[in-house]
Amino acid sequence: LKTRKLKKSEARLSEAQSIASIGNFEYDMTEDVLIWSSQMFEIFGVEKDEFEPNYNGFMSCIHPDDRVMVDEDVKGSIAEKRMHDVEHRIILNDGSEKVVRERG
């Protein structure tokens, strides 16, 4: 019964994120591993099997002109133990740009 409720809850969360066009992620800094929700792959326009799930893979999706800003905000939020909150551009596989906002 708990497993069924958990699966329903996960499905509702996934549907809500899809409708709202938001995703969630975890970053294991010690192992340099990113864990993205399926919506993150949709937002960033990458396929799971084409994406290197680490910090460099994430940075490669970011517009080159925004990489330093994002990197500084990520590292600053870790060092200062503050909210990571940044808006930046990403480059999709077709070459188009999209603006995203990250908070964590």
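Going by the structure above, here's the rest.
Below is a short write-up of the structure. Because the structure is a prediction, the values reported are computed rather than measured. (Residues numbered from 1 in each chain as written. Predicted model: local features only at pLDDT ≥ 70, side-chain atom pairs only at ≥ 80, totals over all residues. Heavy atoms only, no water.)

1. Topic: unusual backbone geometry
Rule in force here: Elements are defined by DSSP. Helices are runs of H or I of four residues or more, strands are runs of E of two residues or more, and each kind is numbered from the N terminus. For every residue, the accessible area obtained with a 1.4 Å probe (protein chains only) is divided by the maximum for its type, and the residue is called buried under 20%, exposed over 50%, and partly exposed between those limits.
Of note in this structure, Asp32 is not a glycine but carries a positive phi near 55°. With respect to the secondary-structure elements, Asp32 resides in the loop between strand E1 (25-28) and strand E2 (33-36). Notably, Lys81 is not glycine yet its phi reads approximately 50°, a positive angle. Relative accessible area serves as the criterion here: at 77%, Lys81 is assigned to the exposed category.

2. Notes on the pattern of salt bridges
It is possible for side chains of opposite charge to pair when their charged atoms get near one another. The cut-off we apply is this: Any carboxyl oxygen of Asp or Glu within 4 Å of a side-chain nitrogen of Lys or Arg constitutes a salt bridge here.
A full pass over the atoms with the stated rule returns six salt bridges. Close ionic contact of Asp71 with Lys75 constitutes a salt bridge, the shortest N to O distance being 3.1 Å. Of this pair, Asp71 and Lys75 both sit in helix H4 (residues 67-80), four residues apart, which is roughly one turn of that helix. For Asp85, the salt bridge identified is with Arg103, shortest N-O distance 3.6 Å.

3. What to know about the packing of aromatic side chains
Note the threshold: Any two of the Phe, Tyr and Trp rings considered here, Trp counted by its six-membered ring, make a pair once their centres fall within 6.5 Å; the pair's planes then place it as stacked at under 30 degrees, edge-to-face at over 60, or tilted in between.
Under the definition given, this model contains seven aromatic pairs. Both rings, one in Tyr27 and one in Tyr55, keep their centres 5.8 Å apart while their planes meet at 35°; by these two values the pair is tilted. Of the two residues, Tyr27 sits in strand E1 while Tyr55 sits in helix H3 (residues 55-61), which places them 28 residues apart along the sequence. For Tyr27, a relative accessible area of 29% puts it in the partly exposed group. Centroid distance Trp36 to Phe51: 4.3 Å. Interplanar angle 25°. Geometry classified as stacked. Of the two residues, Trp36 is situated in strand E2 and Phe51 in the loop between helix H2 (38-44) and H3; the sequence distance between them amounts to 15 residues. Accessibility assignment for this pair places Trp36 and Phe51 in one class, buried. Among the aromatic side chains, those forming a connected cluster through ring pairs are Tyr27, Trp36, Phe41, Phe44, Phe51, Tyr55 and Phe58.

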